[in-house]
Amino acid sequence: MSDTLIKVTGLKKTFPVKASAFSSKSLTLRAVDGVDLELKRGETLGVVGESGCGKTTVGRCLLRLYEPDAGRVWLEPEASLVSQVSQIDESVAAMAEELGTLSGQPTKTTADKARVRTLKQQIARNKAHANELASTSDLLSMSRARLKANRRRIQMVFQDPWASLNPHMVVKDIVGEGPLEYGTHSGRELDRWVHELLEKVGLPPQAANRYPHEFSGGQRQRIGIARALALTPSLIVCDEPVSALDVSIQAQILNLLISLQDDFDLTFIFIAHDLSVVQYISDRVAVMYLGKVVETADSATLYANPRHPYTRSLLAAVPVADPDHPNELRPPEGDVPSPVNPPSGCTFHPRCRHRIDICDKVIPVLGKDQNGHVISCHNPPNG
Amino acid sequence: MDKLLDVKGLKTHFHMHGYTVRAVDGVDFSLGVGETLGIVGESGCGKSQTSMSVMRLIPDPPGKIEAGEILLRGRDLLKISETEMRKIRGNNISMIFQEPMTSLNPVYSIGYQISEVLMLHRDMTKEDALKESVRLLKLVGMSDPEERVSEYPFQLSGGLRQRVMIAIAMACEPDIMIADEPTTALDVTIQAQILRLMADLKARTGTSIMFITHDLAVIASFADRVMVMYAGVVVEQAPVRDIFKKPLHPYTQGLLGSIPVLGEVKKRADGSRQLLNAIPGSLPDHRNFPKGCRFAPRCTKVMARCWEAEPALVPIEEGHQVRCFLHSDAVQETPAYAEVKRGQQRKWQRADRRAQNAGAGADTTGGRS
């Protein structure tokens, strides 16, 4: 078994949106636009960014709650298989590009037409081959039966504790639904397991027979966490689990997640918009902006030496509990641009203080700098 | 500093079926001219109900301001008529609400919603009011205000909607602006923008601000004075530097410990995980407060006497008040009552009123309107 628990490559997800309420014209919203992530067993990866940057979509794509358009989500992949499949994927991409230029030509010769035909066949064949190879560990090309078997290994904790629990079900049924479906526990044993989970998340055993509306926000989030733990998953995707809570309750939930990670041997993807929270709980942090990862680094070095201008402005926006704190950094101006019509070049350039001429023309590529940060920026500040 | 607003012994209770929720249970504070007061506490601690009482926006029934005085420049807002109160709302005291999505009317343009205030309070014509609206939108940092006035709330992002709310609140240049969790529903980046804007406006107009939040970090660089509330009472009140540098009440200390500090290393020296100093448990049931100190069940420094009697809010230093037996032995006069049954209610209210009368001398009816 490899050390990598989950590996995401080239993940893309678009949504069709209408140009206006009365228009039949459809536009494409690129929520996630080519995201690569890798998680080691027992690690916590923080994903941070403003509303609309695609961080929630990434989390949902991992569980196939949204069906991604492209990319692969590898669960415990063999390194050789990944490289084999990605080679085929690359050749398919190259062929698709050639096909695109060919069919874009206004006049076509017979040779061109024949080439187009063979290209189409080859693409279809190679794609099918790659998917078949990948289907053992790629969640996106798996058969339904295998997906179901693997799904219990990835669970999710949702943002809004008021909307994510069924009001008609008692806590016992909410938490026990997964084990019952997978047949891991039943009858008395299931009751015992639910009680054990409730105790783990700090709820009294009497809570089992109550309805969600009888609990406060923090307690509901605990129920959501117990539900995610019920199938003893390897990975939990926490989608803004604390942003709807008071700071005092937020601290309780963060502490709970940290202690459960040790007890249940969990790997977390922790999604939030508040860098101080993400940085606190994560080993590594990925900063997202408009569907792309713009900086990835260890959480300690990310704070000590943020490279991307966007990361710097996110850090500047975090309020510091010290009246004497000098706030030299300034938060970014304006709002996130619409992902339907993102700015040209580097998508952050309209809000960036370090922009140079090239920024609005060329899309920067993710690259490693000398400190191990992976950033995509033409003119990174801080040396 | 001159006292602009002076709140004395405010009690706002909600009479539900068979029990009473004592949301605000004897709160005293004052607000100086040009001062920013931060009110901090968890959801349900009564901080919003305190501000709603000042605006007299408590739904009655079931709510009722049972006792106290709210003096605006020496005039008791609880004794004036509803018509007079309407002149004060928006004109002298205005409010920014937490949810910019739900507090703007979706069927009117934002220009109209700002103009409405101006036409009502400053007798402007429609044209003048619209011109003034454009100026106000510019003031709150909206780009293209001439075009934006005719847009509707759904066309704006959360941050921009909150800017519109601030423009409405600022329209009549009020003496006091009450901001009830104005940034809680927003992203941190937009929160930083809104805080910067409010600080700018305050510097420019000299408005006093009551800033209500659950996150102490938000007001660190913004407030002059901070009041920490817990279960309907003030537990600590001090200048902002004292609250952050030498918090006295265990609850304030717990709130500060709950905030993750940027750049703090997560691992301890021996490699184990560093946990936040969270406050255990949650707010007590409003129907059934503990007999002694209301914070006792969650307090890490609880002593035997904390379960027996409720401590009083006493000044420790210049401007620094705290309600805790660790710092003073003074006991709160009014008894904290356990489950208040329907039959007992009136008896307790009479007892309360007697205590109130004894304390405040000639004050007979307080907030009974």
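Residues numbered from 1 in each chain as written. Chains lettered and ligands numbered in written order. Predicted model: local features only at pLDDT ≥ 70, side-chain atom pairs only at ≥ 80, totals over all residues. Heavy atoms only, no water.

Draft legend 1. Local environment of the sheet that holds strand β9 (residues 292-298) of chain A. Residue and element names in this part refer to chain A. The strand order β5-β6-β7-β3-β8-β9-β11-β10 describes an open sheet built from eight strands, whose pairing is mixed. At either margin of the open sheet sits one strand with a lone partner, and together these are β5 (154-157) and β10 (367-368). Sheet topology note: the β9/strand β11 (residues 374-375) ladder contains two bridges and is antiparallel. Bridging from a neighbouring strand, T296 pairs with V374 of β11. Here helix α8 (residues 247-264) sits on the sheet in contact with β3 (44-48), β6 (235-239) and β7 (267-272), set at roughly 160° to β7. (Pairing = 2+ DSSP bridges. Helix = DSSP H or I, 4+ residues; strand = E, 2+ residues; numbered from the N terminus. Contact = heavy atoms within 4.5 Å. Axes fitted to C-alpha atoms, helices over the stretch in contact; angles between N-to-C directions.)

Draft legend 2. Spotlight on unusual backbone geometry. All names here are of chain B. In this structure, P61 follows D60 across a cis peptide bond, with omega equal to -10°. If you trace the backbone, P61 turns up in the loop between α1 (47-54) and β4 (63-72). Here the bond from P61 into P62 is cis, since omega is 10°, no more than 30 degrees from zero. Looking at where P62 falls in the secondary structure, it is placed in the loop between α1 and β4. Backbone geometry places R56, a non-glycine residue, at a positive phi of 55°. As for its position among the elements, R56 is in the loop between α1 and β4. Non-glycine residue E173 carries a positive phi angle of around 45°. With respect to the helices and strands, E173 occurs in the loop between α6 (158-170) and β7 (176-180).

Draft legend 3. Region of interest: the environment of H378 of chain A. All names here are of chain A. Topologically, H378 is positioned in the segment after β11. The class for H378 is partly exposed, based on a relative accessible area of 26%. Along the sequence, H378 and V362 sit 16 residues apart, while their C-alpha atoms lie 8.8 Å from each other. Each residue touching H378, except ones within four places of it in the same chain, is listed here: I356, I358, C359, V362, I363 and P364. Side-chain polar atoms of H378 contact the backbone oxygen of V362, separated by 2.8 Å. (Buried < 20%, exposed > 50% of the residue type's maximum accessible area, 1.4 Å probe, protein only. Polar contact = N/O pair within 3.5 Å; in protein donor to acceptor, adjacent residues only side chain to side chain.)

Draft legend 4. Expanded view of α6 of chain B. When the terminal C-alpha atoms of α6 of chain B are compared, their 18 Å separation across 13 residues agrees well with the 18 Å that a helix rising 1.5 Å per residue should span. With respect to burial, α6 of chain B is a largely interior element, 13 of its 13 residues being buried. (Expected span 1.5 Å × (residues − 1).)

Draft legend 5. Fine view of the sheet that holds strand β5 (residues 75-76) of chain B. Pairing in this open sheet of four strands is antiparallel, and the strands run β2-β1-β4-β5 (chain B) from one edge to the other. Both edges of this open sheet fall to β2 (19-32) and β5 of chain B, since each of them pairs with a single strand only.

Draft legend 6. Here's a closer look at the nonpolar core. Residues L137, V164, I166, M198, F211, L216 and V226 of chain B are the most contacted members of the largest nonpolar core, which totals 67 residues. Residue contributions to this core peak at eight residues, all from α6 of chain B. When near neighbours in sequence (up to four residues on either side) are disregarded, L216 of chain B contacts V40, V226, I243, F244, T252, L255, L256 and I259 of chain B. With 61 residues, the next largest nonpolar core counts L229, I236, V277 and Y289 of chain A among its residues. (Core = buried A, V, L, I, M, F, W, Y, C linked by side-chain atoms within 4.5 Å.)

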